[in-house]
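# Inside the fold
Spelled out from the first residue to the last, the chains are:
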Amino acid sequence: MSDEAVADADEALPVPLAELRPALEAVLMVADQPLDAVALATAVGYPEHEVVEALGALAGEYDEQGRGFELRNVAGGWRYYTRDALAPVVEAFVLEGQQARLTQAALETLAVVAYQQPVSRARVSAVRGVNVDGVMRTLISRGLVEEAGRDGEHGATLYRTTTYFLERIGIVSLDELPDLAPHLPELAEMEEELAPAEDPAPETTDGEEQPDDA
């Protein structure tokens, strides 16, 4: 590129809004992919050659200071990376949440979702007899439960288990879940328990058989 072209490109840059190095750090901090010098120069409003120089200086400073991260130029793009020497620390942090055991409440809630999905939070709460909002948030954050649209009648958000749930319990599909029928009360008993309380039965009339007191 000729000096004239470089000068024209520099003149086309927007006016810088901040000092160069802090501006580069701010942009790189939110970038979800490596950014080349041209993209960074456009973002911060500085000439490309100044940006390249500043990037090299920042990378050198991080190395000299022994920071937990480093700035690398990989495949033509700049990005922050965790320093290799600290990989065990990061791995322990990431895996801790995945290996933590679910509470009894979370397991019970997950079971309700698995067997009745798609199901609303209100329905899960009704089955368990307690509010499950907090537990559902935990299951969603752990990747075991996800949204599955809305109830056409009430507009409530519905939930279902994820493929990660299947992986964790070691089955291919929900059809492989064990049958709960042997462990559940008769349907008539469940309906009776869930039904609203009715008026007391009328007293028996003469001629009807009375129950024994014993």
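Preceding this paragraph is the structure being described.
Let me begin by describing the structure that accompanies this report. (Residues numbered from 1 in each chain as written. Predicted model: local features only at pLDDT ≥ 70, side-chain atom pairs only at ≥ 80, totals over all residues. Heavy atoms only, no water.)

## Description of the pattern of salt bridges
- Following the criterion strictly, the structure yields eight salt bridges and no others.
- Of the charged contacts in the structure, one is a salt bridge between Asp84 and Arg72, with a shortest N-O distance of 3.2 Å. Taken together, the positions of Asp84 in the loop between strand S2 (77-82) and helix H5 (87-99) and Arg72 in strand S1 (residues 69-74) put the pair twelve residues apart, joining distant regions of the chain.
- By relative accessible area, Arg72 is classed as partly exposed at 25%.
- Each member of the salt-bridge network shares a partner with another, and the members are Asp63, Glu70, Arg72, Arg83 and Asp84. (Salt bridge = Lys/Arg side-chain N within 4 Å of Asp/Glu carboxyl O. Helix = DSSP H or I, 4+ residues; strand = E, 2+ residues; numbered from the N terminus. Buried < 20%, exposed > 50% of the residue type's maximum accessible area, 1.4 Å probe, protein only.)

## Focus on the sheet that holds strand S3 (residues 119-120)
- With respect to topology, three strands assemble into an open sheet ordered S3-S5-S4, the strand pairing being antiparallel. Looking at the sheet topology across the chains shown, the edges are occupied by S3 and strand S4 (145-150).
- Judged from the two bridges that link them, S3 and strand S5 (residues 157-161) form a sheet pairing that is antiparallel. By the bridge assignment for S5, Ser120 is matched with Leu158. (Pairing = 2+ DSSP bridges.)

## Points about the packing of aromatic side chains
- Following the criterion strictly, the structure yields three aromatic pairs and no others.
- When the ring of Tyr62 is compared with that of Phe69, the centres are 4.9 Å apart and the planes differ by 65 degrees; the resulting orientation is edge-to-face.
- You can call Tyr62 buried: its relative accessible area is 3%.
- Taking relative accessible area as the criterion, Phe69 reaches 26% and is therefore assigned partly exposed.
- In this structure an aromatic cluster arises from ring pairing among Tyr62, Phe69 and Tyr80. (Phe/Tyr/Trp six-rings, centres within 6.5 Å; stacked < 30°, edge-to-face > 60°.)

By themselves, these are just geometric observations and shouldn't be taken as functional.
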